[in-house]
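# Coordinate analysis (summary)
Here is what each chain is made of, one letter per residue.
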Amino acid sequence: MAKQIRMVLIDLSGTLHVDSTVIPGAVEALSRLRSADVPLKFVTNTTKESGNCLHKRLTSLGFDIRKEEIFSSLAAARNLIVGRKLNPMLLIDPAANEDFEDLIKSDQKANAVVVGLAPQKFHYDVLTEAFRLLLDGASLIAIHKGRYYKRPDGLALGPGAFVSGLEYSANVKAEVVGKPTAEFFKAALGDVPPEEAVMIGDDIKDDVAGAQAIGIRGLLVQTGKYRDGDENTITPPPTKVCSSFVEAVEYILGKKNQGSEQEL
């Protein structure tokens with residue numbers, strides 16, 4: 001059944017860009033989508049940089065994106081830490097520290113271990129320190145549990161492997177705050193019903209399956225971390241498999257033009 005589109009959720013890394021390289025045609029496609037007056041929100045698990053740094057980088061790449069349109073797992077993690085008045089040990093990239101600096105109480109023992117993508121910190125001594133805090137009762141919070149991500153030189157290991165290692169060794173269960181959790185997608189949607197939203201992303205599990213689990217239609221793009229056959233690994237399959245963000249936008253606009261108002 002066709003449903004009115006009241007929001008389009010868009011992944012960033014691997015969907016619009018890979019590091020500082022823009023997916024061909026993505027800037028222009030985003031402009032076309034905006035011209036159709038479709039509400040947008042950019043949902044990302046990126047933890048390599050703060051919200052300010054991420055927004056500046058996206059605009060420097062040519063994307064017309066407002067900072068308030070970006071809903072990140074970093075922001076969700078910060079909200080959780082503030083809400084529970086936690087004092088976290090941060091396993092995140094230094095470029096993301098500014099989102100959390102005011103929350104650190106250096107004169108008190110950490111009571112939470114917060115893990116994002118932090119290659120420089122994923123070594124034995126730091127992980128052992130985190131492990132000991134968990135044994136002493138600290139909470140384990142995964143900003144996300146991504147398996148891998150796309151770099152210019154190929155796929156690279158994500159933070160999920162290190163979160164799982166800490167879970168195993170300390171016999172605890174991490175609380176995941178980013179994609180693909182239902183809470184993350186619901187928070188991103190706000191008052192918009194899931195059946196009236198569309199998600200575009202390159203990660204079959206975190207983007208598409210996570211969105212579809214709460215009723216959002218999922219468009220899988222074959223860029224970024226996409227691997228041949230990903231669309232066959234989830235049930236139900238993606239609403240649509242697109243070669244890139246450009247085709248996903250064309251599909252949305254084509255369906256919109258076929259029906260009354262905004263239908264897909």
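Residues numbered from 1 in each chain as written. Predicted model: local features only at pLDDT ≥ 70, side-chain atom pairs only at ≥ 80, totals over all residues. Heavy atoms only, no water.

## Concerning the pairing of strand S12 (residues 197-201)
Regular strands place side chains that alternate from one sheet face to the opposite one. Taken across its five residues, S12 has five buried, putting it largely inside the fold. Where strand S1 (residues 7-10) and S12 come together, four bridges link them in parallel fashion. Bridged to Leu9 within S12 is Met199. The sheet contact formed by S12 and strand S13 (residues 217-221) spans four bridges and is parallel. Within the sheet, the bridge partner assigned to Ile200 lies in S13 and is Leu219. (Buried < 20%, exposed > 50% of the residue type's maximum accessible area, 1.4 Å probe, protein only. Helix = DSSP H or I, 4+ residues; strand = E, 2+ residues; numbered from the N terminus. Pairing = 2+ DSSP bridges.)

## Brief notes about the sheet that holds S12
Strand order in the open sheet made by the six strands is S5-S4-S1-S12-S13-S14, with parallel pairing throughout. The strands lining the two open edges of the sheet, one partner per strand, are strand S5 (70-72) and strand S14 (240-242). Put simply, the sheet's adjacent strands are angled 25° from each other on average, direction ignored. Lying over the sheet, helix H3 (residues 73-84) contacts strand S4 (40-44) and S5, oriented at roughly 60° with respect to S5. On top of the sheet, helix H7 (residues 204-212) reaches S12 and S13; it is set at about 160° to S13, its chief contact. (Axes fitted to C-alpha atoms, helices over the stretch in contact; angles between N-to-C directions. Contact = heavy atoms within 4.5 Å.)

## Quick look at the packing of aromatic side chains
Tallied over the entire structure, the rule returns three aromatic pairs. Taken together, a centroid distance of 4.9 Å and an interplanar angle of 50° make the contact between Phe71 and Phe184 tilted. Highlighted residues: Phe71 in strand S5 and Phe184 in helix H6 (residues 182-189), separated in sequence by 113 residues. Taken as a pair, Phe71 and Phe184 share a single burial class, namely buried. Residue placement shows Lys225 over the ring face of Tyr148; its charged tip is 5.7 Å from the ring centre. (Phe/Tyr/Trp six-rings, centres within 6.5 Å; stacked < 30°, edge-to-face > 60°. Lys NZ or Arg CZ within 6 Å of the ring centre and 35° of its normal.)

## Here we look at the packing of helix H4 (residues 124-135) against helix H5 (residues 160-170)
Axis separation between H4 and H5 bottoms out at 10 Å; the angle between their running directions is 45°. Classified by the angle between their axes, H4 and H5 sit oblique to one another. When the axes of H4 and H5 are compared, the crossing they make is right-handed. Where H4 abuts H5, its residues Leu127, Ala130, Phe131, Leu134 and Leu135 lie against Phe162, Leu166, Ser169 and Ala170. (Parallel < 35°, antiparallel > 145°, perpendicular 65-115°, else oblique. Left-handed = near helix turned anticlockwise from the far one by under 90°.)

## Details of the pattern of salt bridges
All chains considered together, the criterion is met by 16 salt bridges. Close ionic contact of Asp102 with Arg78 constitutes a salt bridge, the shortest N to O distance being 2.9 Å. Of this pair, Asp102 sits in the loop between strand S6 (88-91) and strand S7 (112-115) while Arg78 sits in helix H3; the two residues are 24 residues apart in sequence, bridging distant segments of the chain. For Lys145, the salt bridge is made with Glu167, and the minimal N-O distance between the two is 2.8 Å. (Salt bridge = Lys/Arg side-chain N within 4 Å of Asp/Glu carboxyl O.)

## Some remarks on the pairing of S13
Burial analysis of S13 places five of its five residues in the buried class, which makes it a mostly covered element. Burial of the side chains of S13 extends over both faces: Arg217, Leu219 and Val221 are buried on one face and Gly218 and Leu220 on the other. With H7 bridging S12 and the parallel S13, this β-α-β connection has right-handed handedness. Pairing geometry for S13 and S14, over three bridges, is parallel. From the neighbouring strand, Leu219 faces S14, where its bridge partner is Lys240. (Right-handed = clockwise from strand over helix to strand, strands pointing away.)

## Some words on the side chain of Asp203
Among the structural elements, Asp203 can be located in the loop between S12 and H7. Overall, Asp203 belongs to the buried group, its relative accessible area being 5%. Among the polar contacts made by the side chain of Asp203, one reaches the side chain of Lys225 at a distance of 2.8 Å. If sequence neighbours within four positions are ignored, Asp203 has contacts with Arg147, Val208, Leu220 and Lys225. (Polar contact = N/O pair within 3.5 Å; in protein donor to acceptor, adjacent residues only side chain to side chain.)

## Quick notes on the sheet that holds strand S11 (residues 175-176)
What the four strands build is an open sheet, ordered S6-S7-S8-S11; its pairing is parallel. Two strands bound the open sheet, and with one partner strand each, they are S6 and S11. Bridge analysis of S6 against S7 gives four bridges, and the strand direction is parallel. Its bridge partner lying in S7, Pro88 is registered against Ala112. The strands touched by H4 are S6, S7 and strand S8 (139-142); relative to S6, the strand with the most contacts, the crossing angle is about 150°. Relative to S8, H5 is tilted by about 160°, and along the sheet it contacts S7 and S8.

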